[in-house]
Every structure is written in structure tokens, then in C-alpha cells.
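# Coordinate analysis (summary)
Here is what each chain is made of, one letter per residue.
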Amino acid sequence: MRKITIAIDGHSSTGKSTVAKQLADYLGYIYVDSGAMYRAVTLFALRKGFISENHFETHKLIQSLSEIQLEFKKNKEGKAEIYLNGENVEKQIRTLEVSEFVSPIATVSEVRKKLVEQQQQMGKEGGVVMDGRDITTVVFPNAELKVFMTASAEVRANRRFHELKERGDVITLEKVLENVTERDTIDANRKDSPLTIANDAIVIDNSETNQEDQFHILLQLAKDRIAGRV
Ligand code: CDP
């Protein structure tokens, strides 16, 4: 059976990763969480002191990019986790602190160039589901299936708030909502590869769709393309 490329972009906290993972598992495809890569670079920059509340030494980050090595490895349950220079940072990259700095980091063209190259390499054989902000437009503009996911900011903030609470993070819903909307603004307005809806993307608003239904909608779209019906 032919292996296609499935590219999913969308606003923050729309459940892209969840449905992308479900699809990849079902189809036996590789799943790549491109956001995890931007988050890992952000963690690196925070640890090095290149970025904080009121300063960002872009040139130092750019100079150090060759020191950053990222890879995904599967854990015992078969879930892909991200490694930064050999260290598993899957948990550390999901904090609100990293979320607060990731969008400024993702505006830096040199960072994007490095990560896009690695993403294209990972998906070059097809049989890949990748989610992010520029997957349908820059990383895989020729993907057979392109999806843009969105939902109301309140719904998205609520989902992320519960995820973070479940992990034991001490946060407020207001802070999470602020972060979600701020990231949307930066991601959609940056110069390099802004978040935008590709002409041929299918837009899904999942404010009122549960995960199960959403998975089946996307699976049907994928099956139609694998079978060459679309
Ligand atoms: O929190 P959420 O799952 O919505 O976001 P993410 O996929 O983990 O991405 C975190 C941030 O990385 C985004 O807000 C973007 O600033 C950046 N990003 C990007 O610029 N391009 C991508 N392909 C993926 C993420």
C-alpha cells in the first residue's frame, strides 16, 4: 500500500499531537512532534541563559546551534520521546516556562532552518504524520493530506490547563489562556514561516468534537488519499 505524508498545522493546544499520534499508530507511520523540537531548543536557550523575561541574545543562540543535537527515541510503551544532547527532556519541555519562551525562539530563521532540514530528513520516505505550524506550508508543501486544526481560545486553554494540572504543575487558567493567545499572535505574525492556512488544507474546528470522532474524520481523509480516491 502506498505511504502518504500527513501534515497537520494549527493553533496552540488544539490536540494536534494527540490525533497525529493516533493516526500514526493506526497506519504504522512515523509520528514527528515538530513542536517538541522547538521546545527542546528553547530549553537549551533557557539553561544557557540566552533568554529570560527581558532579554534575548539571539546571536549567542545562533552561534551555539551546532551544539544542539535532537533525536526521538521510543520509550517502553512505544511512545516517541525527545532527547536533547542525549538527555531525555520530554517532561521538561512541557512546562509553562518553556511555553512562554518558545514562540520568540521559533521566530529565529537560523533555528527554523536547522529544524526544518531535520524534519524533512525524517519524513523523506513518506509514511509520516507530522504536526506543527509550518508543516503544510514549508516542511511538506506537497503532502497528500493537509489539515489545519483550530478551536476557540477558551476551549484550548481549558484543555491545556487540565493537562498541566494533571502533571502536577501549579498554574492558573488565566495564565494558560494568556500563553495560548500570545503564542497564536506571535506564531501567526512572524516573518519567517508564519502560521497560516495552506490553500489546500482541510480546516477542522474541534471546539465541539471529541477526540474519538476527530480521529475517525481524519482517518477517513487519510484512507481516501492512500486509496487514491482523492
Ligand atoms: O503547545 P502546543 O502543542 O500547541 O504547541 P507545540 O506544537 O508544542 O509548539 C510550540 C511552539 O513551537 C509553537 O507555539 C510555535 O511557536 C513553535 N513551532 C513552530 O514555530 N513551528 C512548528 N512546526 C512547530 C512549533
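Description of the structure in this document. (Residues numbered from 1 in each chain as written. Predicted model: local features only at pLDDT ≥ 70, side-chain atom pairs only at ≥ 80, totals over all residues. Heavy atoms only, no water.)

Moving on to the site of the ligand. In the region of the ligand, 19 residues are neighbours, and Ser13, Arg39, Asp134, Arg160 and Asp187 sit closest. Contact between the ligand and arginine 160: an oxygen atom at 2.7 Å from a side-chain N or O atom of the residue. A distance of 2.6 Å separates an oxygen atom of the ligand from a polar side-chain atom of aspartate 187. Look at the ligand: alone it shows 530 Å² of surface, and the protein chains cover 98% of it. Put simply, the ligand lies in the largest pocket. Among the elements of the structure, helix H2 (34–48), helix H4 (96–105) and helix H8 (173–189) are those that each provide at least two residues to the shell around the ligand. (Near = heavy atom within 4 Å. Polar contact = N/O pair within 3.5 Å; in protein donor to acceptor, adjacent residues only side chain to side chain. Areas by Shrake-Rupley, 256 points an atom, 1.4 Å probe, with all protein chains shown as cover. 1 Å grid on protein atoms, 1.4 Å probe; cavity = no way out; pocket = protein on both sides within 12 Å on 5 of 7 lines; lining within 4 Å. Sits in = over half its atoms within 2 Å of the grid points. Helix = DSSP H or I, 4+ residues; strand = E, 2+ residues; numbered from the N terminus.)

Bringing the packing of aromatic side chains into the picture now. The geometry of an aromatic ring pair is captured by two quantities: the separation of the ring centres and the angle between the planes. Summed over all chains, the structure comprises 2 aromatic pairs. Pairing tyrosine 26 with phenylalanine 215 gives two aromatic rings, centres 6.0 Å apart and planes at 65 degrees, and the pair type is edge-to-face. With a gap of 189 residues between them, tyrosine 26 in helix H1 (residues 16–27) and phenylalanine 215 in helix H9 (residues 211–226) connect regions that are remote in the sequence. A relative accessible area of 49% means that tyrosine 26 is categorised as partly exposed. Between the aromatic rings of phenylalanine 44 and phenylalanine 50, the centroid separation amounts to 6.4 Å while the plane-to-plane angle is 65 degrees, which identifies the pairing as edge-to-face. Both residues of the pair, phenylalanine 44 and phenylalanine 50, count as buried. The ring of tyrosine 83 carries the charged tip of lysine 73 above its face, separated from the ring centre by 4.4 Å. (Phe/Tyr/Trp six-rings, centres within 6.5 Å; stacked < 30°, edge-to-face > 60°. Buried < 20%, exposed > 50% of the residue type's maximum accessible area, 1.4 Å probe, protein only. Lys NZ or Arg CZ within 6 Å of the ring centre and 35° of its normal.)

Attention now goes to the environment of histidine 162. Structurally, histidine 162 can be placed in helix H7 (residues 153–166). Overall, histidine 162 belongs to the partly exposed group, its relative accessible area being 44%. For histidine 162 and glutamate 144, which are 18 residues apart along the polypeptide, the C-alpha to C-alpha distance reads 33 Å.

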